[in-house]
Amino acid sequence: MKILIDADDAATGLKKVIVEHLKDKGIQVEDLDYLGRTPGAAYPEVAYNLAKKVQAGKLDRAILICGTGLGMAMMANKVEGVFAGVCHDVYSAERLRASNNAQVLTMGARVVGEEVAKTIVDAWLKAEFQGGRSAPKVESMRKLEKESFNK
Ligand code: RB5
């Protein structure tokens, strides 16, 4: 499993913590560091850069962190084919994957502490899409998304 990660200036510290946490677990993680390469960039550009890579289908798990997690999720969800959700608790993180089959987890560094963020990431990593009754709902999101983007 390989995971993409990035953050804006409000969350560079938490990003480092999560990168180390993933590495400690033996998980391959790529820090896109859009801000480092593009000084002055803010959450919309950081999220767009990562979401385009998810859209290209290179992988289906990624993490975006900003102050609240909100702007990152809003922007990532503007990229067709990409589904992102803000999670600040373990249950939501598990459902984000199991029920909603989202590729992108977002968190707010000004909302959760480092240890809580690690448990959220762990729950999200452990979860897989459950299919079943959730499958037609996710299918419907994809269908409606197509209508919304292509009209
Ligand atoms: C800071 O730019 C802050 O607005 C940002 O990190 C994020 O919380 C936006 O949703």
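What counts, and at which threshold
- Residues numbered from 1 in each chain as written.
- Predicted model: local features only at pLDDT ≥ 70, side-chain atom pairs only at ≥ 80, totals over all residues.
- Heavy atoms only, no water.
- Helix = DSSP H or I, 4+ residues; strand = E, 2+ residues; numbered from the N terminus.
- Buried < 20%, exposed > 50% of the residue type's maximum accessible area, 1.4 Å probe, protein only.
- Salt bridge = Lys/Arg side-chain N within 4 Å of Asp/Glu carboxyl O.
- Pairing = 2+ DSSP bridges.
- Right-handed = clockwise from strand over helix to strand, strands pointing away.
- Axes fitted to C-alpha atoms, helices over the stretch in contact; angles between N-to-C directions.
- Parallel < 35°, antiparallel > 145°, perpendicular 65-115°, else oblique.
- Left-handed = near helix turned anticlockwise from the far one by under 90°.
- Contact = heavy atoms within 4.5 Å.
- Nonpolar A, V, L, I, M, F, W, Y, C, P; charged D, E, K, R; others polar.

What is the right way to look at the overall build of the protein chain in this model?
Counting its regular elements, the protein chain contains 7 helices and 5 strands. The linear arrangement of helices and strands in the protein chain, starting from the amino end, is β-α-β-α-α-β-α-β-α-β-α-α. Taking the principal axes of the C-alpha coordinates as reference, the protein chain spans close to 40 × 30 × 25 Å. Across the 151 residues in the protein chain, those meeting the buried criterion constitute 47%.

Please clarify how the pattern of salt bridges should be interpreted in this entry.
Side chains that carry opposite charge are capable of pairing whenever their charged atoms lie near each other. Considering all chains together, one arrives at 9 salt bridges under this definition. One salt bridge in this structure joins D6 and K15, with 3.2 Å as the shortest N-O distance. There is no split in this pair, since D6 and K15 are both buried. The salt bridge partner of E128 is R61, with a shortest N-O separation of 3.4 Å. Of this pair, E128 sits in the loop between α6 (114–126) and α7 (134–150) while R61 sits in the loop between α3 (43–55) and β3 (62–66), and the two are 67 residues apart along the sequence. Taking relative accessible area as the criterion, R61 reaches 2% and is therefore assigned buried.

Sorry if this is basic, but what is going on with the pairing of strand β2 (residues 28–31) here?
Both faces of the sheet carry side chains from a regular strand, because those side chains alternate between them. Bridge count between strand β1 (residues 2–7) and β2: 4 bridges; the pairing is parallel. Residue pairing across strands places I5 opposite D31, the latter belonging to β2. For the crossover from β1 across helix α1 (residues 12–24) to β2, the handedness is right-handed.

For this particular structure, what's the right way to read the packing of helix α5 (residues 90–98) against α6?
Two quantities define a packed helix pair, namely the angle between the axes and the distance from one axis to the other. Relative to each other, α5 and α6 sit at 30°, their axes nearing to 8 Å. In terms of their interaxial angle, α5 and α6 are classed as roughly parallel. Pair α5 / α6 crosses with right-handed handedness. Where α5 approaches α6, its residues V90, A93, E94, L96 and R97 are matched on the opposing element by T119, I120, A123 and W124. Of the residues assigned to the contact of α5 with α6, the class counts are 6 nonpolar, 1 polar and 2 charged.

What exactly am I supposed to notice about the pairing of β1 here?
Extensive coverage of β1 is indicated by the burial of 5 of its 6 residues. Of the pairings in the sheet, the one linking β1 to β3 comprises 4 bridges and is parallel in character. Within β3, the residue paired with D6 across the bridge is L64.

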